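Here is how the chains run, residue by residue.
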Amino acid sequence: MNIFPIQRILALARWAPSGDNTQPWRFQVLGKDRLHILGHDTRAHCVYDLDGHASQIAQGALLETLAIAATTEGLRADMARKTSSADSAPVYEITLTAHQDSRPHPLAAMIEKRAVQRRAMSSRPLSEAHKDALSSSVTGYRILWFEGLAQRWNMARFMAANAKNRLTMPEAYPTHRDIIEWNAQFSDDRVPDRAVGVDPLTTRLMRWALQRWERVRFLNTWLGGTWVPRLQLDLIPGLRCAAHFALVAEQEPSTIDDFVMAGRSLQRLWLTATSLGLVLQPEMTPVIFSRYIRQGRNFTSVPAIHDRAARLAKRLERQLGTSMARHTVAMGRLGYGPLPSSRSLRLPLCRLLVASDQTSQLAAEAQNQ
Ligand SMILES: Cc1cc2nc3c(=O)[nH]c(=O)nc-3n(C[C@H](O)[C@H](O)[C@H](O)COP(=O)(O)O)c2cc1C
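What counts as what
- Think of each chain on its own: its residues are numbered from 1, step by step along the sequence as written.
- A pLDDT threshold of at least 70 governs which residues receive local features in this predicted model, and a stricter bar of 80 or more applies before side-chain atom pairs are shown or counted, although totals over entire chains, interfaces and linings include all residues.
- In this analysis an axis means a line fitted to C-alpha atoms, helices contributing only their contacting stretch, and an angle means the value between N-to-C directions, from 0 to 180 degrees.
- By definition, any uninterrupted DSSP run of H or I lasting at least four residues is a helix, any uninterrupted run of E lasting at least two residues is a strand, and each is numbered from the N terminus.
- The cut-offs work like this: below 35 degrees is roughly parallel, past 145 is roughly antiparallel, 65 to 115 is roughly perpendicular, and the gaps in between are oblique.
- Here a crossing is taken to be left-handed if its near helix is turned anticlockwise relative to the far helix by less than a right angle, and right-handed if that turn runs clockwise.
- Once C-beta atoms have been placed from the backbone, residue pairs whose C-beta atoms lie within 7 Å are recorded as contacts.
- Residue classes follow a fixed rule: Ala, Val, Leu, Ile, Met, Phe, Trp, Tyr, Cys and Pro count as nonpolar, while Asp, Glu, Lys and Arg count as charged, and any other residue, Gly among them, counts as polar.
- Using a C-beta atom placed from the backbone for every residue, we mark a residue as near a molecule or strand if that atom lies within 6 Å of it.
- For the purposes of this description, domain bounds are those given by an automatic or database domain assignment.
- Strands were regarded as paired on the criterion that DSSP finds at least two bridges between them.
- Given the number of residues in a helix, its expected span is that number minus one, multiplied by 1.5 Å.
- Counting other C-beta atoms within 10 Å of a residue's C-beta gives its exposure: the residue is buried at 20 or more, exposed at 12 or fewer, and partly exposed in between, where C-beta atoms are placed from the backbone.

At a minimum axis separation of 8 Å, helix H4 (residues 148-168) and helix H8 (residues 227-239) run at an interaxial angle of 155 degrees. Looking at the two axes, H4 sits roughly antiparallel to H8. Like other packed secondary-structure pairs, H4 and H8 cross with a definite hand, here right-handed. Between H4 and H8, the contacting residues are Arg152, Trp153, Met155, Ala156, Met159, Ala160, Ala163, Lys164 and Leu167 on the first element and Pro229, Arg230, Leu233, Asp234, Leu235, Gly238 and Leu239 on the second. The residue makeup of the contact of H4 with H8, split by class, is eleven nonpolar, one polar and four charged.

This is the structure we're talking about:
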């Protein structure tokens, strides 16, 4: 039982999203009103975590969620990154103080509800009022919308082309092999197979194939290549949504603080979408692979994949405009529809807490109350 406000706040804040549900954070409680968030990233083994940026976006989402969660206890969370901490292991210092306005933030009720929807959504267009509400939720960022049949079809094809790289790249294989929890509706620390967005037969085939890279290669070469998963994961959902979007910063993001700030905005957008009855799926692959290309960094041993990524990066610049494409911090799709019945859960709070004298003292006090 979490009897202290700080414990309840953390128990709620841990519902923040992270790429592949990696939860790149641990909590070190330093007192009843003070804690450190210890971040880490997966850049050493995950091709999607270029320079740790995806993890930094997730940490931003966590900070935003924590700030909102604090209001449920009548508290305000002040936070700052310890500038002496390494980008690969950032430390965020959090202080909780009494808040003059003791009402919970209106988005607090969305924190646990929000979940990624990878399946088809309604293609009913977004109302102007909802688009305005979504745009106003991300101060300092602009949202580009891709709506209507032609634009959605264009984006669906673009995402499917990116997925060809994702699915055929040896460098992405270890991530795909490790992040799925099979035969599961829920998962504490990974993505349950039923939330991936493919039908049961394709799930079984994927499970067989992902055990060995040779099998993935065999499937990619025969049995329709990557068409079946791309149809289910990209083309159909890419069409069956209200809109695709790009979240665009005023400047090209480069520092850890830029990515943390982007994560805060993405989470505000996502929680606002949830409050409007919308579901959302981030579509980060094109953003990440384009950044590798722009920086002239080779991220695959397969020249054909690199060349395709370079063509797709150019296509993104044509679709969004060169400067907008460079300033884009996230892409995704959203639409009206139910939340998913299968979803990722989170590690229990006790597993996210790093021991400190204060954590033990709080635990002891909790026992005595
Ligand atoms: C930085 C970031 C990148 C993500 N990229 C993708 C993505 O490209 N495709 C996708 O389906 N989900 C993506 N997600 C969603 C996560 O997989 C999801 O949030 C996580 O598994 C937890 O599940 P939940 O959001 O349902 O709680 C991303 C989330 C974050 C924070």
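The next point concerns the site of the ligand. Taken together, 20 residues lie around the ligand, and Pro17, Asn21, Ala115, Met284 and Ser344 are the ones closest in. At the level of elements, helix H2 (53-70), strand S10 (278-282) and strand S12 (343-344) are the ones that each hand at least two residues to the shell around the ligand. Considering each element in turn, the shell around the ligand owes the most residues, four residues, to H2. Here the residues of the shell around the ligand sort into ten nonpolar, six polar and four charged. In this structure, the shell around the ligand is formed jointly by two domains, domain 1 (5-114 + 344-368) and domain 2 (128-339), each of which donates at least three residues.

In this section: the domain arrangement of the protein. Interfaces are often sized by the accessible area lost when the parts come together. Its domain assignment divides the protein into domain 1 (5-114 + 344-368) and domain 2 (128-339). In this structure, domain 1 and domain 2 have C-alpha centres spaced 25 Å apart. Residue-level contacts link 32 residues of domain 1 with 35 residues of domain 2. If you tally residues by element for the side of domain 1 that touches domain 2, the top one is H2, at eleven residues.

With that settled, the discussion passes to the sheet that holds strand S5 (residues 141-147). The sheet built from four strands is open, its strands ordered S5-S9-S11-S10 with antiparallel pairing. What marks the edges here is a single partner per strand, and that holds for S5 and S10. Pairs of neighbouring strands in the sheet enclose a mean axial angle of 30 degrees, with direction left out of account. The strands that helix H9 (residues 256-275) touches are S5, strand S9 (243-249), S10 and strand S11 (328-336); relative to S9, the one it contacts most, it runs at about 145 degrees.

With that settled, consider H9. Spanning 20 residues, H9 covers 29 Å between terminal C-alpha atoms, matching the ideal 28 Å at 1.5 Å per step. The buried count for H9 comes to 17 of 20 residues, which makes it a mostly enclosed element. Phi turns positive, to about 80 degrees, at Gly277, one or two residues after H9.

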